[in-house]
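Observations on chain architecture
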Amino acid sequence: MATVIEARPLADLEMDSVLAVEAAWEARAQGLKPWTNQEFLDAVAAVHARYELRRQWLRTHPQAVA
C-alpha cells in the first residue's frame, strides 16, 4: 500500500532550516570555537536567501509545482 506524503508549505521548511541553524549554534556554543553573532546572522541570512531563490524559481516555473 502506497502512502501519500503531503507537501509542507515552503515557509514551514524555511522555519525548520532556521531552527536547525539555531540548534547548530547552540551546540557549537559548548565547543572550543563558538560561532560569533555575525556568523549566526550570516547563516540565518543564507537560509532566507536560499528559500527566496526557491520562491522565485517556483514563480517562473508554475508547472513544476504539481
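Further up the page is the structure itself.
Right, let's walk through the structure included here. (Residues numbered from 1 in each chain as written. Predicted model: local features only at pLDDT ≥ 70, side-chain atom pairs only at ≥ 80, totals over all residues. Heavy atoms only, no water.)

Relative orientation of the contacting elements helix 1 (residues 10-29) and helix 2 (residues 37-60) amounts to 160 degrees, with a least axis distance of 10 Å. As judged from the angle between their axes, helix 1 and helix 2 are roughly antiparallel. As for the relative orientation of helix 1 and helix 2, their crossing is right-handed in sense. Facing L10, A11, L13, E14, S17, V18, V21, E22 and W25 of helix 1, the residues of helix 2 in contact are N37, F40, A43, V44, V47, H48, Y51, R54, R55 and L58. Of the residues belonging to the contact of helix 1 with helix 2, the class tally is 12 nonpolar, 3 polar and 4 charged. (Axes fitted to C-alpha atoms, helices over the stretch in contact; angles between N-to-C directions. Helix = DSSP H or I, 4+ residues; strand = E, 2+ residues; numbered from the N terminus. Parallel < 35°, antiparallel > 145°, perpendicular 65-115°, else oblique. Left-handed = near helix turned anticlockwise from the far one by under 90°. Contact = heavy atoms within 4.5 Å. Nonpolar A, V, L, I, M, F, W, Y, C, P; charged D, E, K, R; others polar.)

The next subject is the pattern of salt bridges. Going through the model one piece at a time under the given rule, you end up with 3 salt bridges. For R55, the salt bridge identified is with E14, shortest N-O distance 2.5 Å. Here E14 lies in helix 1 and R55 lies in helix 2, a separation of 41 residues in the sequence. E52 is paired through a salt bridge with R59; the nearest N and O atoms lie 3.3 Å apart. Judged by relative accessible area, R59 falls into the exposed class, the value being 54%. (Salt bridge = Lys/Arg side-chain N within 4 Å of Asp/Glu carboxyl O. Buried < 20%, exposed > 50% of the residue type's maximum accessible area, 1.4 Å probe, protein only.)

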